[in-house]
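Listed here are the chains, written in short residue letters.
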Amino acid sequence: MTTHYYTASSLDGFIATPENSLDWLLKQDIDLDEPMAYPAFIQSMGAIAMGATTYEAIHAEEDEDGWPYTRPSWVFTHRTLSASEGADVRFVQGEVRAVHEEMTAAVPGKDLWVMGGGELAGQFADAGLLDEVWVQYAPVMLGAGAPLFPRALDLELIDTARNKAFLCGRFRVKGAL
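These numbers were taken from a predicted model, which means no experiment stands behind them. (Residues numbered from 1 in each chain as written. Predicted model: local features only at pLDDT ≥ 70, side-chain atom pairs only at ≥ 80, totals over all residues. Heavy atoms only, no water.)

Our next topic: the sheet that holds strand β5 (residues 89–92). Here we have eight strands laid out as an open sheet, ordered β5-β4-β3-β6-β1-β7-β10-β9, and mixed in their pairing. Edge positions in the open sheet fall to β5 and β9 (153–163), since each of these has one partner strand only. Each strand axis lies, on average, 25° off the axis of its neighbour in the sheet, ignoring direction. Where strand β4 (residues 73–76) meets β5, four bridges bridge the pair, whose relative direction is parallel. Looking at β5, one finds that F76 is bridged to V92. The strands touched by helix α4 (residues 96–106) are β1 (3–10), β3 (45–51), β4, β5 and β6 (111–115); relative to β4, the strand with the most contacts, the crossing angle is about 170°. Lying on the sheet, helix α5 (residues 118–126) is in contact with β1, β3, β4, β6 and β9; it crosses β3 at an angle near 115°. (Pairing = 2+ DSSP bridges. Helix = DSSP H or I, 4+ residues; strand = E, 2+ residues; numbered from the N terminus. Axes fitted to C-alpha atoms, helices over the stretch in contact; angles between N-to-C directions. Contact = heavy atoms within 4.5 Å.)

Shown next as C-alpha cells:
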C-alpha cells in the first residue's frame, strides 16, 4: 500500500490561482492514454483524501451523473458541508494518522490518493505517511496562488515522462529536508 500525492502544477509551483481557479489547467493539452495520465493512476487507488476546498470545487462541478468517484473519500474539514447523494464521502477532522489508519482498513492492500491541496499532503508527509509525489507540470506561470507543497521535503526522482503539454515527474518521499 502506497500513499500518493498526485497533482498538476504551474511551472512556478502553484496548483491553483489565488481565487482557487483551475481554468489555466483545464485548457492544457494532455493525452489521457499516455504516461502518468489520470485514468491509469486512478485505477490503482482504493481511497481518496481531500480538503474542503477541493471537495467543494468537485461538488460544485457535479453533473447529472453525480459524484465522480467510486472510491470512498475522506474530506478533511472544519466546516459543515453537504454530501453528494449516493457518494461514499466521510467528513473528518483532526490528525491525519488516525484517518490514514481508517482509510487503509477500509481498502486493504489498495493505494491511497491525497488529492488537491498541498497543505493536506504536507500533513501526511509530516506524519511520515506520504510515500510518493506525482506532479504534472503545465507550461504556465501563475505568479501566485495555492502552493504545490508548503513544506521542505527531500525527494528521489523515480520516473519522468512527457504527456503532450505536460512534463510529468514521479518522486519517492525520502523525508523532511
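Here we come to the packing of aromatic side chains. A complete count under the given rule lists twelve aromatic pairs for this structure. Aromatic pair Y6 and W134: ring centres 5.7 Å apart, planes at 55°, arrangement tilted. Here W134 lies in strand β7 (residues 132–138) and Y6 lies in strand β1, a separation of 128 residues in the sequence. Residue classification places W134 among the buried positions, given a relative accessible area of 11%. On the numbers, 5.3 Å between centres and 45° between planes, the contact of Y55 with W67 is tilted. In this pair, Y55 sits in helix α3 (residues 52–60) while W67 sits in the loop between α3 and β4, placing the two residues twelve residues apart along the sequence. Here the two residues Y55 and W67 agree in accessibility, since each one is buried. Taken together, Y6, Y38, F41, Y55, W67, Y69, F91, W113 and W134 form an aromatic cluster joined through their ring pairs. (Phe/Tyr/Trp six-rings, centres within 6.5 Å; stacked < 30°, edge-to-face > 60°. Buried < 20%, exposed > 50% of the residue type's maximum accessible area, 1.4 Å probe, protein only.)

Take the layout of surface pockets next. Its volume calculated, the largest pocket comes out at about 1600 Å³. Contributions of two or more residues to the lining of the largest pocket are made by β1, β2 (14–16), α1 (23–26), α2 (38–43), α3, β6, α5 and β8 (146–147). Taken together, the residues of the lining of the largest pocket break down into 26 nonpolar, 17 polar and six charged. (1 Å grid on protein atoms, 1.4 Å probe; cavity = no way out; pocket = protein on both sides within 12 Å on 5 of 7 lines; lining within 4 Å. Points joined across faces, edges and corners; volume = space filled by probe spheres on them. Nonpolar A, V, L, I, M, F, W, Y, C, P; charged D, E, K, R; others polar.)

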